Amino acid sequence: MKLSAFVLAVCACLTASMAFAQTPIIIKFSHVVATDTPKGKAAERFKELAEKALKGRVRIELYPNSTLYKDKEELEALQLGAVQMLAPSLAKFGPLGVKEFEVFDLPYIFPGKDVLYRVTEGPIGKDLFKKLESKGITGLAYWDNGFKVMSANRPLKTPADFKGLKMRIQSSKVLDAQMRALGANPQVLAFSEVYQALQTGVVDGTENPPSNLYTQKMHEVQSNVTVSNHGYLGYAVIVNKKFWDGLPADVCTGLEGAMRDATKYANAIAQQENDKALEAVRKTGKTDVYVLSDKEKAEWRRVLLPVQKDMESRIGKELITAVGKEATALGYK
């Protein structure tokens, strides 16, 4: 009887150990936009690919649309380990103390997506990720969301049209300088608060890629949208460094593979989703969509390009010059 009890106890321990070994690693992935945006869809794709590749060893829990943390809170939550993965906009790293990331906010810094990808997929992008490590963050990938449009409740065809407008921005010194260069009054607000602020007149307008504008229904409270493509909005997929460094090597490899494929998907659909969103806004008949002419865009560039020079001491002249060289290498003047 004693032997049987011993055998049963050993079996119970082995069963418990096996169950523990098979407990999946939970990765909480929080973001602030809707599931039907490029970022939301890419996050869903990453979850699908990662869980399939690692066959139950990880479980990705997605928390879209600020359901877990607002964009003002999420970076601190990641650093504290309350959430393992985020995809914040690149503008969020300036206030964290990594000012070099604000190069992405500079108006008209990227004349085309080809220049952007040379930056994010090349040495510049890798060097920027290394600067996050001292903050307890590991960078995994850059996800595209496209160029921004301006919106307000009056036509925005020339820089003079911005005079006196309260324009919502992310917390970024570059975006603050951009709006001031246009004669507007920049107002920092969390993304989840923008619709209500527009609806109640706390702010008069904002800037977004069309997919964010449409999925957050901002067009319902904005009578005018201008396709200016003046600035870029992208994301960095990041993880808590301590958590990442503690993962088994084969799990990291599986997650990196899933992230590569999800990134290709994210970047492939970004322009398509923005085009669809802009067309959907047009079809409502409630919001006038205006595309800048070449002459009008040249005037916007004239007014906004000095922001690049003004931000050299903050972002780094060498970094801004390096991005410019990537554009020159592709034939842009």
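Residues numbered from 1 in each chain as written. Predicted model: local features only at pLDDT ≥ 70, side-chain atom pairs only at ≥ 80, totals over all residues. Heavy atoms only, no water.

Asks: So what exactly am I meant to see when it comes to the sheet that holds strand E9 (residues 224–227) here?
Replies: Sheets are built from strands paired through backbone hydrogen bonds, the pairs being either parallel or antiparallel. One open sheet holds the four strands; their spatial order is E8-E5-E9-E11, and the pairing between them is mixed. Pairing within the sheet leaves two strands with one partner each, and these edge strands are strand E8 (206–208) and strand E11 (288–291). Along the sheet, successive strands turn relative to each other by an average axial angle of 25°, direction set aside. In the packing of helix H10 (residues 249–284) onto the sheet, contacts are made with E9 and E11, and the angle to E11 comes to roughly 130°. (Pairing = 2+ DSSP bridges. Helix = DSSP H or I, 4+ residues; strand = E, 2+ residues; numbered from the N terminus. Axes fitted to C-alpha atoms, helices over the stretch in contact; angles between N-to-C directions. Contact = heavy atoms within 4.5 Å.)

Asks: Explain empty space enclosed by the protein here, please?
Replies: Think of a ball as big as a water molecule: rolled over the atoms, this probe shows where empty space is left. For the structure shown, the criterion picks out three cavities of 30 Å³ or more. Of the volumes computed, that of the largest cavity is approximately 170 Å³. Going through the elements one at a time, E8 and strand E10 (232–240) are the ones with two or more residues in the lining of the largest cavity. The residue makeup of the lining of the largest cavity, split by class, is eight nonpolar, four polar and seven charged. Within this model, the second largest cavity holds a volume of roughly 40 Å³. Going through the elements one at a time, helix H4 (113–120) and strand E4 (137–147) are the ones with two or more residues in the lining of the second largest cavity. In the lining of the second largest cavity, the residues fall into six nonpolar, two polar and one charged. (1 Å grid on protein atoms, 1.4 Å probe; cavity = no way out; pocket = protein on both sides within 12 Å on 5 of 7 lines; lining within 4 Å. Points joined across faces, edges and corners; volume = space filled by probe spheres on them. Nonpolar A, V, L, I, M, F, W, Y, C, P; charged D, E, K, R; others polar.)

Asks: Looking at this structure, how should I read the confidence of the model for the protein chain?
Replies: The predicted structure's coordinates, where accompanied by low pLDDT, should not be read in detail. Here the protein chain averages 93 in pLDDT, while 94% of its residues score no lower than 70. Of the regions scoring below 50 in pLDDT, residues 6–20 engages in zero contacts with residues more than four places distant in sequence or in other chains. (pLDDT = per-residue confidence, 0-100.)

Asks: In this structure, what is going on with the packing of aromatic side chains? I would like to understand it.
Replies: Think of a pair of aromatic rings as described by two things: how far the centres are apart, and how the planes are tilted against each other in angle. Under the criterion given, the structure shown has ten aromatic pairs. Judged by centre distance (4.7 Å) and plane angle (50°), the rings of Phe93 and Phe101 are tilted. Overall, the relative accessible area of 0% leaves Phe93 in the buried class. A residue is classified by how much of its surface remains accessible, and Phe101, at 0% relative accessible area, is buried. Taken together, a centroid distance of 6.0 Å and an interplanar angle of 40° make the contact between Phe104 and Tyr142 tilted. Of the two residues, Phe104 sits in the loop between strand E3 (85–86) and H4 while Tyr142 sits in strand E4, which places them 38 residues apart along the sequence. The positively charged end of Arg45 is found above the aromatic ring belonging to Tyr265, 3.9 Å away from the centroid. Its end group placed over the ring of Tyr108, Arg301 keeps NZ or CZ at 5.3 Å from the ring centre. (Phe/Tyr/Trp six-rings, centres within 6.5 Å; stacked < 30°, edge-to-face > 60°. Buried < 20%, exposed > 50% of the residue type's maximum accessible area, 1.4 Å probe, protein only. Lys NZ or Arg CZ within 6 Å of the ring centre and 35° of its normal.)

Asks: Please explain H4 as it appears in this structure.
Replies: Every α-helix winds through 3.6 residues per turn, so residues three or four apart in the chain are directed the same way. Within H4, burial applies to Lys113, Val115, Leu116, Val119 and Thr120. For H4, the angular spread of buried residues about the axis comes to 155°, placing them on one side. The inward-facing, buried residues of H4 abut helix H5 (123–130), E4, E10, H10 and helix H14 (317–329). (Arc of directions from axis to C-beta.)

Asks: I would appreciate a short explanation of the pairing of E4 in the present structure.
Replies: Regular strands have side chains that alternate between both faces of the sheet. Where burial is concerned, most of E4 is hidden: ten out of the eleven residues are buried. Note: E4 against E10, eight bridges, orientation antiparallel. Pairing of Ala141 across the sheet is with Val237, part of E10.

Asks: I keep staring at the sheet that holds strand E1 (residues 25–30) and nothing clicks. Help me out?
Replies: Overall, mixed pairing links the five strands, which are arranged E2-E1-E3-E10-E4 in an open sheet. Unpaired on one side and paired on the other, strand E2 (58–63) and E4 mark the two borders of the sheet. In this sheet, E10 lies alongside E3 in antiparallel orientation, the contact comprising two bridges. Counterpart to Met85 in the pairing with E10 is Val239. Against the sheet, helix H2 (residues 38–54) touches E1, E2, E3, E4 and E10, its axis set at about 165° to E2.

Asks: What is the right way to look at unusual backbone geometry in this model?
Replies: Residues other than glycine predominantly adopt negative phi, and peptide bonds predominantly adopt the trans conformation. Of note, Ser66 is a non-glycine position whose phi angle comes to about 60°, a positive value. For Ser66, a relative accessible area of 16% puts it in the buried group. With a phi close to 60°, Tyr108 is a non-glycine residue in the positive phi region. Within the element layout of this structure, Tyr108 appears in the loop between E3 and H4. Classification of Tyr108 by relative accessible area gives buried; the value is 10%.

Asks: What exactly am I supposed to notice about the pattern of salt bridges here?
Replies: A side chain with one charge can pair with a side chain of the opposite charge if their charged atoms come near. Under the counting rule described, the total for this entry stands at 17 salt bridges. In this structure, Glu273 engages Lys276 in a salt bridge whose closest nitrogen and oxygen atoms are separated by 3.6 Å. You can see Glu273 and its partner Lys276 sitting in helix H10, three residues apart, about one turn around the helix. Overall, Glu273 belongs to the buried group, its relative accessible area being 9%. By relative accessible area, which is 48% here, Lys276 ends up partly exposed. Residues Arg302 and Glu299 are paired through a salt bridge, measuring 2.8 Å at the closest nitrogen-oxygen approach. Taken as a pair, Arg302 and Glu299 lie in helix H11 (residues 294–304) at a separation of three residues, close to a single helical turn. On the accessibility criterion, Arg302 (53% relative accessible area) is exposed. (Salt bridge = Lys/Arg side-chain N within 4 Å of Asp/Glu carboxyl O.)

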